[in-house]
Structures are given as C-alpha cells and as structure tokens.
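Examining the three-dimensional arrangement
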Amino acid sequence: MKLEIDQRGLNAEIEALAAISDAEPPAVTRIVFTPTDLKARAWMATRCEEAGLAVRQDAIGNIFARWNGADPAAPAVGTGSHIDAIPNAGKYDGVVGVLGGLEAIRALQRSGFRPKHSIELLVFATEEPTRFGIGCLGSRLLSGTLSADAAAKLKDRDGETVDEVRRRSGFNGDLQDVKLPKSYYKAFVELHIEQGPLLEKAKTSLGIVKSIAAPASLRISIEGSGGHAGGVLMPDRKDALCAAAELILAIENAARATGAADTVATVGVCDVFPGAVNSIPSRVGITVDIRDTDKARRDGAMQAIEGASQEITAKRHVSIQSELLNADAPADCAPEVRRGLADSCREHGFPFLEMVSRAYHDSLFISRIAPTGMLFIPCRKGYSHRPDEYAAPEDIARGALVLAESLAKLSE
Ligand code: GLV
Ligand code: MN
Ligand code: MN
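What you are looking at is a predicted structure, and each value in this text was computed from that prediction instead of being measured.

Cut-offs used in this document
Residues numbered from 1 in each chain as written. Chains lettered and ligands numbered in written order. Predicted model: local features only at pLDDT ≥ 70, side-chain atom pairs only at ≥ 80, totals over all residues. Heavy atoms only, no water. Helix = DSSP H or I, 4+ residues; strand = E, 2+ residues; numbered from the N terminus. Rg over C-alpha atoms; globule rule 2.2 N^0.38 Å. Buried < 20%, exposed > 50% of the residue type's maximum accessible area, 1.4 Å probe, protein only. Contact = heavy atoms within 4.5 Å. Areas by Shrake-Rupley, 256 points an atom, 1.4 Å probe, with all protein chains shown as cover. Lys, Arg positive; Asp, Glu negative; His and termini not counted. Charge placed at Lys NZ, Arg CZ, Asp CG, Glu CD. Donors = N, O, S within 2.8 Å, 3.2 Å for Na, K, Ca; no water. Near = heavy atom within 4 Å. Polar contact = N/O pair within 3.5 Å; in protein donor to acceptor, adjacent residues only side chain to side chain. Nonpolar A, V, L, I, M, F, W, Y, C, P; charged D, E, K, R; others polar. Phe/Tyr/Trp six-rings, centres within 6.5 Å; stacked < 30°, edge-to-face > 60°. Salt bridge = Lys/Arg side-chain N within 4 Å of Asp/Glu carboxyl O. Axes fitted to C-alpha atoms, helices over the stretch in contact; angles between N-to-C directions. Parallel < 35°, antiparallel > 145°, perpendicular 65-115°, else oblique. Left-handed = near helix turned anticlockwise from the far one by under 90°.

Concerning the overall build of the protein
Summing up its helical and strand segments, the protein has 12 helices and 18 strands in all. A compact globule built from 412 residues should have a C-alpha radius of gyration of about 22 Å, and the protein, at 22 Å, falls within 12% of that. Viewed in the frame of its principal axes, the protein has a C-alpha envelope of about 80 × 45 × 40 Å. Put simply, the protein has 412 residues, and 54% of those count as buried. Contacts spanning at least 24 positions in sequence make up 78% of the contacts within the protein whose residues lie at least 6 apart. In the form shown here, the protein has an accessible surface area of approximately 17100 Å², with 51% of it arising from carbon and sulfur atoms. Side-chain charges of the protein comprise 48 positive and 55 negative groups, with the mean position of each set lying 2 Å from the other.

A look at the coordination of the manganese ion (ligand 3)
Four donors placed tetrahedrally about a metal ideally form angles of 109.5 degrees, and six donors placed octahedrally ideally form angles of 90 or 180 degrees. Protein-derived coordination of the manganese ion (ligand 3) comes from His 82 (NE2), Asp 93 (OD) and His 192 (NE2), at a distance range of 2.0 to 2.3 Å. Within one chain, the residues serving as donors to the manganese ion (ligand 3) are arranged as H-x10-D-x98-H. The metal-metal distance between the manganese ion (ligand 3) and the manganese ion (ligand 2) is 3.7 Å, with Asp 93 coordinating both. Taken together, the residues His 82 in strand β4 (residues 76-82) and Asp 93 in the loop between β5 (85-89) and α3 (95-111) connect sequence positions 11 residues apart. Both residues of the pair, His 82 and Asp 93, belong to the buried class.

Brief notes about the site of ligand 1
In the vicinity of ligand 1, the contacting residues are Glu 127, Glu 128, Arg 291, Ala 359, Tyr 360 and His 385. Between an oxygen atom of ligand 1 and a side-chain N or O atom of Arg 291, the distance comes to 2.6 Å. Residues that form the shell around ligand 1 fall into these classes: two nonpolar, one polar and three charged.

Topic: the environment of Ser 282
Looking at the element boundaries, Ser 282 is found in the loop between β13 (279-280) and β14 (283-292). Along the primary structure Ser 282 and Phe 124 are separated by 158 residues, whereas in three dimensions their C-alpha atoms are 38 Å apart.

Quick look at the coordination of the manganese ion (ligand 2)
Summarising the metal site, the manganese ion (ligand 2) is bound by the protein donors Asp 93 (OD), Glu 128 (OE) and His 385 (NE2), whose distances to it range over 2.0 to 2.1 Å. In the primary sequence, the donor residues of the manganese ion (ligand 2) line up as D-x34-E-x256-H.

Description of the packing of aromatic side chains
A complete count under the given rule lists seven aromatic pairs for this structure. Look at Tyr 184 and Tyr 185: their rings are 4.7 Å apart centre to centre, the planes differ by 90°, and that puts the pair in the edge-to-face class. Per residue, the accessibility class of Tyr 184 equals that of Tyr 185, and both read buried. Between Tyr 185 and Phe 188, the ring centres sit 5.6 Å apart and the planes meet at 65°, which makes this aromatic pair edge-to-face.

Structural notes on the pattern of salt bridges
Counted by the stated rule, this structure contains 26 salt bridges. A salt bridge links Arg 316 to Glu 246; the shortest N-O distance between them is 2.8 Å. A residue pair is termed long-range when its members are at least 10 positions apart, and Arg 316 in helix α9 (residues 295-316) and Glu 246 in helix α8 (residues 240-256) qualify at 70 residues. The shortest N-O distance in the salt bridge between Asp 299 and Arg 298 comes to 2.9 Å.

Looking at the environment of Ile 14
Inspection of the secondary structure assignment puts Ile 14 in helix α1 (residues 7-18). A C-alpha to C-alpha distance of 32 Å links Ile 14 and Asp 174, two positions 160 residues apart in sequence. Look past the residues within four positions of Ile 14 in its chain and what remains in contact with it is Lys 91, Tyr 92, Val 95, Leu 99 and Ile 396.

Describing the side chain of Ser 282
Classification of Ser 282 by relative accessible area gives buried; the value is 15%. Apart from the residues within four sequence positions on either side, Ser 282 is in contact with Ile 222, Glu 223, Gly 224, Ser 225, Gly 226, Ala 240, Phe 273 and Pro 274.

Considerations on the packing of α3 against helix α12 (residues 393-410)
Contact geometry of α3 with α12 gives a least axis separation of 8 Å together with a crossing angle of 60°. Between α3 and α12, the interaxial angle falls into the category oblique. Judged by the sense of rotation from one axis to the other, the crossing of α3 with α12 is right-handed. Contacts between α3 and α12 involve Val 96, Gly 100, Gly 101, Ala 104 and Leu 108 from the first element and Ile 396, Ala 400, Leu 403, Ala 404, Leu 407 and Ala 408 from the second. Tallied by class, the residues present in the contact of α3 with α12 amount to nine nonpolar, two polar and no charged.

In structure tokens, the structure reads:
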C-alpha cells in the first residue's frame, strides 16, 4: 500500500475553511450554530460527499461521514475532531483533525486500500464551550456522559436554550437518539495540534497521547450593591467588581498553591453590570476553567476557590453564587491504539514523544465508549486559541500519513 498525502491540497482546504469566519484574517471565529458555523459545516459535508463518503448528521449536529467497509455491519473505526472555533482563534485547532482525517481517508482510497471495518470521519458539534458554557457537547451526548434533557436546557448568553438554537438551525431530531451504542466504534483516533510547546522544544514532529487532563468549569455570579460613583462613599460600598477582583486572584492562587505545574486555572469571562463609567458595579459574572492531570488535586483547588468565595462574601458583604458546569475525570488513551500509532511512526523512522494532553478534546468522552487514541503535531511556540496559531504543512501531512496508516491497521 503506497500512501501519499496531498500536502498542498490539504493546506489549501485549511485556508479555505479559515476564510469562513466571523473575524478578520488571520483570526478565525466560528461559534456553533451561527450562520458562519452552518456555512462551514455545509462546506465540510460537501467535501466529504465529494470523497464518496455517506454523510449523516445527528440531532445535535455531529456530522458522520462514512467510508463503508467490506463488513459494513462491523464496528467502525472513527477519526475526527471539530471545526467550531472560539472568538479570535486560529486556523488549526480541531480543523487539522477534521481535514487531516478526511485527507487520510482519501489517501487510503487512492492507494487502493479496501477496509474491512468502515472508516468514519466525525465532525463533532460544539467542542468549544463559547456558546453554551460547556465544551464537547456533541461527544458528551454521543458517549452518554451528559443526558439529552440536561443538554437541551443549557442556555447561551442570550438565554436561548440548546434545544431552541439547534432546532432553528435545522437539527430537529430527538436528542435521546444521539447516544451511540458501546459497540459503535472499534477504535477512535483524533489528530490534533499539541496546543503546547513540548514537541517544538523537543524538535519532534509527532506526539502520542497517553492521557487527557481532567477539565472542570464554574460560572460564578457576584451580587453587590450599585449606585452613584460620586454619591456612595467608600465605607458604604459593596462593589461587585472589587469582590470579583479578589476572587479572581484567589482562583489564580488556588492553582499556584498546589505547587504542581499541571494545575491550571483561568478566568476568561468577566461581565460587569451595568458597565457604566460612573456607576458602581452591582453584579459581575465570571467563568472559571480549571484543569489538572490529577483529579483529586484539581478538586482540592476547587475547594480552595469555594473557601475564598466564603471569605470574600463575609468581608465585602456581597453574595457569591457558584454553578458547577462540569467536573470531568481524566482519560487514559487505549494501549492498543497507542501501540498502532507508535508502530506507524517507527516504520517510517519518525521520532515521537509520549505525552499528556493538557487541552481537552472530544476524545476525552469518546474514550468512555471506545478504545481511543490521539496523535499530536507541533504548533509554533505552542500557541493556540489565538490568531497566530500555526502548524507547518509538512507536520500536518506527516500527522495525516501516520493517521491514515493507523486507520488502515485498525480497520483490517
Ligand atoms: C479545548 O478547546 C480546550 O479548551 O481544551
Ligand atoms: Mn479549542
Ligand atoms: Mn480542539
């Protein structure tokens, strides 16, 4: 079997998809179920159809594109990632796994390979948490990690529910039907940029993921008392933003205080009400994203945040309400998938690193229902979730090649 990745074609597709965006280039913004996201999804479905794949979409908008194997009833071998992008993102997060996965399938088709198990490309819906507060909605539903009822009720910032938004976008099926049976996939492999600097530092172009760190997130609302910026004297203030400022630093400290480099905490959203220069903030909403490779240590840091909230409430006479959005367990990648990826690397003489994924991915949830592995390629300076995210075309092509070989082995 002679496999050739069309590096130029793949790169041109990455550029074409990046042009479907709500941000000025080179930034990419594609928030799930916006007209831009729907356009990108339609573009993607067309590319899959052009490759002769059978395309279907489920009720949350996961796209499945299947190359039927000689035994179509046997569990499929899956690959894929996401094409939604956070505000002001880059071109490669998720996209490399989707378009690289499609090119891996096309390379196998061109080589004359005929799979026994079907090979399926999965474009996960709403991997990013931007719109509905939690990430990986598509894969949480596919794996049964989140119930259809709980997913349907999640709201965006405008108060619209997942159910309302998805139906308006043309996804009218029953969310209960999204869950896949455990026997659906024989194995699943996701290709992704590393989103960290280790591969580049080690001058190594491939990473095989051992485990995926455990993410959790909170939505915190701080309620104080507003009023006139001139009229309310300092001793009488219950400034919600000042309380939020203390809490944000306590959150940073909770992560630092574990002493482990693997504990990371981020406040990425801070909504101030009423948001006027001469008005004391009466209400502030913040989000907390906290992760660790060690779930118990992460949970300890979350308790420290809870303790700080109570202290700040007492000291500043504000009220602080915290809503837990998700607190997921970490995942181990399947030894057989890791071995397959490592064998492919060795056959080509490609060095690789075995590593932890500090970012989360849909693979975190697919690993609950199928043996799952991830292959990383470097991204410049480890930059991701920013417009200057960059992966070199030759690294992307190398990743697609190793992916194609692994898919071939798994589908025999
Ligand atoms: C995924 O986008 C993550 O935030 O890890
Ligand atoms: Mn991302
Ligand atoms: Mn991603």
